[in-house]
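Reading the structure
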Amino acid sequence: MKYSLNLLKQYINVDDAVKELANKLTRKSCEIEQIDSRVLPDELVIGYVTKVEQHPDADKLLVCQVDCGSHGTFQVITGGENVREGAFVPNALPGCYLPSIDLKIGERKMRWVDSNGMICAKEELGIMEDTDKHWIWIMNDDCDDLTQEDKGKPVKEKYPRLENHILDVDNKTLTHRPDLTGYFGVAMELNAIYQSLDDSAKIIFNKAQNVSQDMMNLNILEHLQQATSSTRKIHAKTENLRSYVLVELNDIVVKESSFFTRVMLRDIEWQPINNWVDFSNIFMNLSSQPVHFFDADKVKGDIVVRQAEPDEKFTDLNDDEHVLTSNDIVIADQEKIIALAWIYGANNSGVDQNTKNILVEIANFDPVHVRKTALRLALRTDASMRYEKNINPLFTLHCLLLLMDQVQYNKPDLGEVTFAGLDFYIDPSITTSPKTISLHQDQLIQTIWGDGNTEKYLATIQKVLEGLGFRITQNDQQSTVTVPYWRGPGDINIPEDVFEEVARIHGYENIAPLPLTNDVQTTPFPIDIQVIRTIEHSFAHLCGYDQMETYPWADQKLMGELHDHQKNEEWLYQDLLTLKNALSPETKHLRDSMIYNLFSYAAKNSKFFDKFKLFDIGKVWSKKHEKNEELYGVPGQPNHEKWQWGAVLFQKKQTDWSHDLVLKAKSHLGQMFASLWLNGKVEYVPTDKTQFHPKKQGTIIYNRQPIGFLGQLHPLLLSKHKMEQNSQLVYMQIDIDMIIHRYNKKKNKAGSNYETLQDQIVQRDLCFVIDQEKTFGEVIHAVKSVKEVTSLRIFDLYQGEHLPQGKKSIALSMKIVGDGNMTTEQINQIMDKAIEKAQKTGAELRK
């Protein structure tokens, strides 16, 4: 979901920095993941092309004389094939910086001819239109109000609407808030936030508050009953229809939307179609209520809402045919299906260039049925997403007033229309009056503030609730709160829901913490929790990782990219568990590895950070049946579910070998093993997974038992996900169940490895040379097997000059701990013992 601040200004305009506004929404309403801004520089001015000539030494370049008013006339060379004399163009003067393409414009020669500035295309300004064409922007083709007086004006001064900020919202935070899928609901949130902070002076335009008051004062059923009746009627033949408004509009004209409407849609990643379809999409974003337009002349008779017949066929607007079931809700006329209830329209009744009269559908259906149909047919649309969140059926009726208001507002795009009448339906079982909740304000105050001083907080409560559109009626100590129509039926139902509204808008950070009223007794952790807590402590506190918690399902496309491509493609489906009621068709499989979601978040974080370390602990699932009597105690027990730890390390640039992330990952794993008192032999056996770097991947072996994997992701895969090819992303995973089993064996046998001030600690370095095709694991294990060597650190790996052909070297730093009486001769004996053990593996001491 994306919030366009230009579009939001139709309901509220706040004079505040966009980052501050986004921060307030994140803390109090919904999480803003990213801010995308289109800011035009002052040096981008309106120019007028007075002359166009062919470049004398380049067939595809044109030399233009551009009159920029008071700035003067500039000679600019362009490759835009559509430039012409008499055109108004956006001209970047020398010194102008264009943030959308990260380019500073200067004076330069192009094929020995001076060029002073740049005539810009829309894409170069961050306007995502005509991106498939190498055109410059001829401004007078889109804007009919340009005159000679505009020459030299900054583009943003003439058209301030071209600057915009887009807030990218985490959809998960909107799950129970259908009102926040529309800008009207967001405007009411901002109204309450700034009112509660005593920052109402920053609200310079507030249509939302007036609309909300009118909505709460209006008897919508009485208003609908008094309206002109339509010649067409609504026939509800299913209990899954909750409310429906049918409006007839005649004498419409279908044409291309205006330039600024198209830009508005592009900003929130919608594709412009025509003025009426674009209007329906804008209205849905503004109100959160989907609307659909039928070509009235293609619809035969009345509108019938019913369940589909088994195996009934439906062809959508994209000409794709679908086979329906009796669980699907359809809208039909007297002959055919004309829409699949708030998922898709049919190709037999859509609006096209010949449409003159339309039927407007503002409807509300059972959200469960809509969701199930959308998932089964893989047709999850923006409309179905909003219905799944359970829009209030009474708000659907009120949206008729919002719609007619928007028709007037968009008259430049839509033209004059004739209202021919309407019909409406509401399920008789639905209470038509707004929901009310009784509560005691002293209980609210005691719950939030823990204070019996009621008068102190009454003003805050009233300011918050009225700002959100609630109504409060006070009767002695009991209050009656009226819930606004635009809030979902499952949103506000009990007094505690109202308490939460007050607390979040007032700000949890403004509520003083209270001590616990009961004693809390310590309960020892079971073995599995002890292991998980130790791993968390090792990586979060000792190694500096950030812990995250991801969903147990993963994106199917990402699974396909990250699984081992040497295996059969059917592996992706045969060995994964499938959810019966997935959130979306793309996330229907439970993960069998932690890599998918960690990789996804690594790709996102790489845009903002040069380096980071993340880990997650969770369960993974697969259909594989593994015999592991040692782990499970029962031979052949299905290995459906297990705990797994996964981590990623990212670094944008590697300056030298010491910053190699694979080495760092190995040292972090060593720290984890030490924290768990696991002192066995650790090896890394090379693997050949295609999605990883061919020379930097391997299975982690502990005492001859595979327990995990470590590898650096392939540069081509990083590039595909918009990470720099020369950056490093290392992934490692450990099967925690295997660790728990070994920890359980060792937990009573572990000795103390603590060092004290009385210990004699000696550091010594050794360097060994081995054959290039061998791994360093045997050398490391051999040196670690010396009893007096308590820890070992790799500080150098080398291959190249000054070494024999086919050789490589490893440098190790050993820690030797004595009792304080160890002599130099004894230390040298330990060193000799380490060298001897290493030489038995085929290594030679480098001199």
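If you're wondering where the values come from, they're calculated on a predicted model, not measured in any experiment.

Here we look at the packing of aromatic side chains
Within the structure shown, the criterion is met by 22 aromatic pairs. Between Trp 342 and Tyr 387, the aromatic rings sit 5.8 Å apart at their centres with planes inclined by 35 degrees, giving tilted as the arrangement. Pair noted here: Trp 342 is in the loop between strand E22 (337-340) and strand E23 (344-345) and Tyr 387 is in helix H11 (residues 382-388), with a separation of 45 residues, a long-range link. On the basis of relative accessible area, Trp 342 is assigned to the buried category, the value being 8%. Of the residues examined, Tyr 387 reaches a relative accessible area of 0% and is grouped as buried. Three or more aromatic residues joined by ring pairs form one cluster here, namely Trp 137, Tyr 159, Phe 259 and Phe 260. Taking NZ or CZ as reference, Lys 666 lies 4.6 Å from the ring centre of Tyr 684, over its face. Residue placement shows Lys 689 over the ring face of Phe 709; its charged tip is 5.5 Å from the ring centre.

Some points on the pattern of salt bridges
When charged atoms on two side chains of opposite charge get close, those side chains can pair. Taken as a whole and assessed by the stated rule, the structure comprises 52 salt bridges. When the shortest N-O distance is used, the salt bridge between Lys 619 and Glu 641 registers 3.0 Å. With Lys 619 in strand E32 (residues 611-621) and Glu 641 in strand E33 (residues 641-651), this residue pair connects regions lying 22 residues apart in the sequence. The class for Lys 619 is partly exposed, based on a relative accessible area of 28%.

Focus on helix H6 (residues 207-217)
Taken together, the buried positions of H6 are occupied by Ala 208, Val 211, Ser 212, Met 215 and Met 216. Projection of H6 onto a plane perpendicular to its axis shows the buried side chains occupying an angular sector of 130 degrees, all on one side. Facing away from the buried side of H6 by more than 90 degrees, the exposed set consists of Asp 214 and Asn 217. Buried residues along H6 sit in contact with helix H5 (183-196), strand E14 (203-206), helix H12 (393-409), strand E27 (471-475) and strand E28 (478-482). The opening residue of H6 is Asn 206, an N-cap whose side-chain oxygen sits 3.2 Å from the backbone nitrogen of Gln 209.

Observations regarding the environment of Thr 436
Note that Thr 436 resides in strand E26 (residues 436-440). Separated by 46 residues in sequence, Thr 436 and Thr 482 place their C-alpha atoms 4.4 Å apart. Apart from residues no more than four positions distant in its own chain, Thr 436 is found in contact with Thr 480, Val 481 and Thr 482.

Regarding the sheet that holds strand E25 (residues 418-426)
Strand order in the open sheet formed by four strands is E17-E24-E16-E25, with antiparallel pairing between adjacent strands. A single partner strand is all that each edge strand has here, and the edge strands are strand E17 (292-295) and E25. Along the sheet, successive strands turn relative to each other by an average axial angle of 20 degrees, direction set aside. Of the strand pairs in this sheet, E17 and strand E24 (residues 358-365) are connected by four bridges, and their pairing is antiparallel. Looking across to E24, one finds that Phe 293 is bridged to Val 360.

Concerning the sheet that holds E26
What the three strands build is an open sheet, ordered E26-E28-E27; its pairing is antiparallel. On the outer flanks of this sheet lie E26 and E27, each paired with one strand and no other. When the angles between neighbouring strand axes are averaged without regard to direction, this sheet yields 25 degrees. Sheet topology note: the E27/E28 ladder contains five bridges and is antiparallel. What sits directly across from Arg 471, in E28, is Thr 482. Taken strand by strand, helix H16 (residues 495-506) contacts E26 and E28, and its axis lies near 80 degrees from that of E26.

What counts and what doesn't
Residues numbered from 1 in each chain as written. Predicted model: local features only at pLDDT ≥ 70, side-chain atom pairs only at ≥ 80, totals over all residues. Heavy atoms only, no water. Phe/Tyr/Trp six-rings, centres within 6.5 Å; stacked < 30°, edge-to-face > 60°. Helix = DSSP H or I, 4+ residues; strand = E, 2+ residues; numbered from the N terminus. Buried < 20%, exposed > 50% of the residue type's maximum accessible area, 1.4 Å probe, protein only. Lys NZ or Arg CZ within 6 Å of the ring centre and 35° of its normal. Salt bridge = Lys/Arg side-chain N within 4 Å of Asp/Glu carboxyl O. Arc of directions from axis to C-beta. Contact = heavy atoms within 4.5 Å. Polar contact = N/O pair within 3.5 Å; in protein donor to acceptor, adjacent residues only side chain to side chain. Pairing = 2+ DSSP bridges. Axes fitted to C-alpha atoms, helices over the stretch in contact; angles between N-to-C directions.

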